[in-house]
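# Structural overview
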Amino acid sequence: EMIASRRPGLLVFQAGVDGLRGDRFGRLALTRTGLRRRNALVFDAAMEFGVPVVVTMGGGYHKDIAQTVECSADVYRQASRSWSRGRRAAAEAG
């Protein structure tokens, strides 16, 4: 709704993963699935409204660094899939 009403020319997604449960500093206690849903919300909205996205990384201080790395990598995996879907859709449209 906000994107539709404001019509931004660019979305800046500060995609830190310090919201992951077990992070030493974050307090959201999200699961990896929850972070993926957050990412999808941003990328899907950007695709729906045709707004480019700049992704920056932020916090991520999990006790198990491998979890921080995987959640951070998820952001870029999802961005890549979203971009690929957008390119296919544009090619099919014409």
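Look up a bit, the structure's there.
Keep in mind the model is a prediction, meaning the values are calculated, not measured.

Reading the values: rules and limits
- Residues numbered from 1 in each chain as written.
- Predicted model: local features only at pLDDT ≥ 70, side-chain atom pairs only at ≥ 80, totals over all residues.
- Heavy atoms only, no water.
- Helix = DSSP H or I, 4+ residues; strand = E, 2+ residues; numbered from the N terminus.
- Buried < 20%, exposed > 50% of the residue type's maximum accessible area, 1.4 Å probe, protein only.
- Contact = heavy atoms within 4.5 Å.
- Lys, Arg positive; Asp, Glu negative; His and termini not counted.
- Charge placed at Lys NZ, Arg CZ, Asp CG, Glu CD.
- Phe/Tyr/Trp six-rings, centres within 6.5 Å; stacked < 30°, edge-to-face > 60°.
- 1 Å grid on protein atoms, 1.4 Å probe; cavity = no way out; pocket = protein on both sides within 12 Å on 5 of 7 lines; lining within 4 Å.
- Points joined across faces, edges and corners; volume = space filled by probe spheres on them.
- Nonpolar A, V, L, I, M, F, W, Y, C, P; charged D, E, K, R; others polar.
- Pairing = 2+ DSSP bridges.
- Right-handed = clockwise from strand over helix to strand, strands pointing away.
- Expected span 1.5 Å × (residues − 1).
- Salt bridge = Lys/Arg side-chain N within 4 Å of Asp/Glu carboxyl O.

## Considering the overall build of the chain
- When helices and strands are counted, the chain shows three helices and two strands.
- Starting at the N terminus, the α and β elements of the chain follow one another as α-β-α-β-α.
- Across its three principal directions, the C-alpha atoms of the chain cover 50 × 25 × 20 Å.
- Considering the chain as a whole, with its 94 residues, one finds that 31% of them fall into the buried category.
- Expressed as a percentage of contacts within the chain between residues at least 6 apart in sequence, the contacts between residues at least 24 apart total 72%.
- Both charge centroids of the chain, one from 15 positive and one from 9 negative side chains, sit 2 Å from each other.

## Some points on the packing of aromatic side chains
- Here the structure, examined in full by the defined rule, presents two aromatic pairs.
- For the pair Phe25 and Tyr61, a centre-to-centre distance of 5.1 Å together with 80° between the ring planes defines the contact as edge-to-face. Here the residue Phe25 occupies a position in the loop between β1 (11–14) and α2 (32–49), and Tyr61 occupies one in the loop between β2 (53–56) and α3 (65–93), the gap between them amounting to 36 residues.

## Some words on the layout of surface pockets
- Roughly 180 Å³ of internal volume is contained in the largest pocket.
- Phe43, Ala46, Met47, Gly50, Val51, Pro52, Val53, Val55, Ala79, Ser82 and Trp83 are the residues that line the largest pocket.
- At the level of elements, α2, β2 and α3 are the ones that each hand at least two residues to the lining of the largest pocket.
- Grouping the amino acids of the lining of the largest pocket by side-chain chemistry returns nine nonpolar, two polar and no charged.

## Examining the pairing of β2
- The sheet contact formed by β1 and β2 spans four bridges and is parallel. Bridging from a neighbouring strand, Phe13 pairs with Val55 of β2.
- Crossover handedness for the path β1 to α2 to β2: right-handed.

## Some details on α3
- With 29 residues, α3 should cover 42 Å at 1.5 Å per step; its first-to-last C-alpha distance of 42 Å lies within 8% of that length.
- When we look at burial in α3, the residues that qualify are Thr68, Cys71, Ser72, Asp74, Val75, Gln78, Ser82 and Gly86.
- Here the buried face of α3 lies against α2 and β2.
- Where α3 ends, the next residue or the one after it, Gly94, has phi of about 145°, a positive value.

## Some words on the pattern of salt bridges
- Within this structure, the stated rule accounts for six salt bridges.
- Residue Arg32 is joined to Asp74 by a salt bridge in which the shortest nitrogen-to-oxygen separation is 2.7 Å. Remark: Asp74 occurs in helix α3 and Arg32 occurs in helix α2; sequence separation between them is 42 residues.
- The exposure class of Asp74 is buried, given its relative accessible area of 5%.
- Each of the salt bridges in this network shares a partner with another, and the network as a whole consists of Arg32, Arg36, Glu70, Asp74 and Arg77.

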